[in-house]
Amino acid sequence: MKKRIYTASLTLLGVLSLSGIAAAQDETAPEPTSQKQTAVSPVLETSRAMLRQMMGINPEIKDAPMSAVALPIYPGSLMVVHKYHGINFDDLDQTLPFATFLTESSVEQVLQFYREKLPSYTAIRYETAIVLVQEKVEHGHYPMDYLNIPNVSIDSVTLSNGQTGTLIAVMYPRLAK
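Conventions adopted
Residues numbered from 1 in each chain as written. Predicted model: local features only at pLDDT ≥ 70, side-chain atom pairs only at ≥ 80, totals over all residues. Heavy atoms only, no water. Helix = DSSP H or I, 4+ residues; strand = E, 2+ residues; numbered from the N terminus. Buried < 20%, exposed > 50% of the residue type's maximum accessible area, 1.4 Å probe, protein only. Contact = heavy atoms within 4.5 Å. Arc of directions from axis to C-beta. Core = buried A, V, L, I, M, F, W, Y, C linked by side-chain atoms within 4.5 Å. Polar contact = N/O pair within 3.5 Å; in protein donor to acceptor, adjacent residues only side chain to side chain. Expected span 1.5 Å × (residues − 1). Pairing = 2+ DSSP bridges. Axes fitted to C-alpha atoms, helices over the stretch in contact; angles between N-to-C directions.

A. Expanded view of the overall build of the protein chain. A count of helices and strands for the protein chain gives three helices and six strands. When its helices and strands are written in sequence order, the protein chain yields α-α-β-β-α-β-β-β-β. Sorting the 177 residues of the protein chain into buried and exposed places 48% on the buried side. Once local pairs closer than 6 in sequence are excluded, the contacts in the protein chain between residues at least 24 apart make up 63%.

B. Seen up close, helix α3 (residues 107-117). Looking at α3, one finds that the buried residues are Val107, Val110, Leu111, Phe113 and Tyr114. Axial view of α3: buried residues confined to an arc of 160 degrees, hence all on one face. Away from the buried face of α3 by more than 90 degrees, exposed residues Glu108 and Glu116 are located. Residues of α3 that are buried make contact with β2 (98-103), β4 (129-133), β5 (151-158) and β6 (164-171).

C. Just the nonpolar core, in detail. By size, the foremost hydrophobic cluster in this structure holds 23 residues, and its most contacted members are Phe101, Tyr114, Val152, Ile154, Ile168 and Val170. Elements with a minimum of two residues in this core: β2, α3, β4, β5 and β6. Counting residues per element, this core draws most heavily on α3, which supplies five residues. Once residues within four sequence positions are removed from consideration, Tyr114 is found in contact with Pro72, Ile73, Tyr74, Leu132, Val152, Ile154, Ile168 and Val170. In terms of nonpolar packing, the next biggest core, distinct from the first, is built from 12 residues, Leu44, Ile57, Leu159 and Leu167 among them.

D. Focus on the side chain of Thr103. As for its placement among the helices and strands, Thr103 is situated in strand β2. Within the local environment of Thr103, its side chain forms a polar contact with the backbone nitrogen of Ser105, the two atoms lying 3.1 Å apart. Excluding residues that lie within four positions of it along the chain, Thr103 makes contacts with Leu44, Tyr74, Ser77, Val110, Leu159, Gly165, Thr166 and Ile168.

E. Quick peek at helix α2 (residues 42-54). Compared with an ideal rise of 1.5 Å per residue, which puts 13 residues at 18 Å, α2 spans 18 Å between its outermost C-alpha atoms and is within 8% of the ideal. Of all the residues in α2, the buried ones are Leu44, Ser47, Leu51 and Arg52. For α2, the angular spread of the buried residues around the axis is 125 degrees, confining them to a single face. Opposite its buried face, α2 presents the exposed residues Pro42 and Gln53, each directed more than 90 degrees away. Residues of α2 that are buried in the fold lie against β1 (78-83) and β2. Positioned one or two residues after α2, Gly56 has a phi angle of 75 degrees, which is positive.

F. View of the sheet that holds β2. Strand order in this open sheet of six strands is β1-β2-β6-β5-β4-β3, and the pairing throughout is antiparallel. The sheet is open, and its two borders are formed by β1 and β3 (122-126), each paired with just one other strand. Here the average twist between neighbouring strands, direction ignored, is 20 degrees. Alignment of β4 against β5, held across four bridges, turns out to be antiparallel. Counterpart to Ile130 in the pairing with β5 is Ile154. Across the sheet, α2 lies against β1 and β2, angled at about 30 degrees from β1, the strand it touches most. On the sheet, α3 packs against β2, β3, β4, β5 and β6 and is oriented at approximately 165 degrees with respect to β5.

Okay, here's the thing in structure tokens:
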């Protein structure tokens, strides 16, 4: 029962089902750095706003900077939510930090980028997503057994213009302080 509740919680937060976006809370984030996100299309801006509104995310919440993400970020993508401290599920476990991104590129293009950037990662399937994991757990179940293993989840999403884009969830290792 706990696993089902846990899976439902992750799905609602967008960690599992990438058609949903993480519900964010105001967090203490590191100071912004000089790394800035490049200009993105109005479609991505509108899609991001719609997804954040659907999940009840306050538009005033400031996300941690992209420079904190310790894995590659797909070029031209727009950060949707960044949970710099991960998610704490009290009696179950705490996830690694993660950020979700939105792009107009196809799943195939995004997958090719990450396979080139993370050649040692193994691909597994979770529902409609392709997940590249740093270390595959034998007989493991995604996501429960991968909360503390860096991974990149790639799934299609419908954008505000009705076209198909890609939602990317990057669960990355904590940076050393």
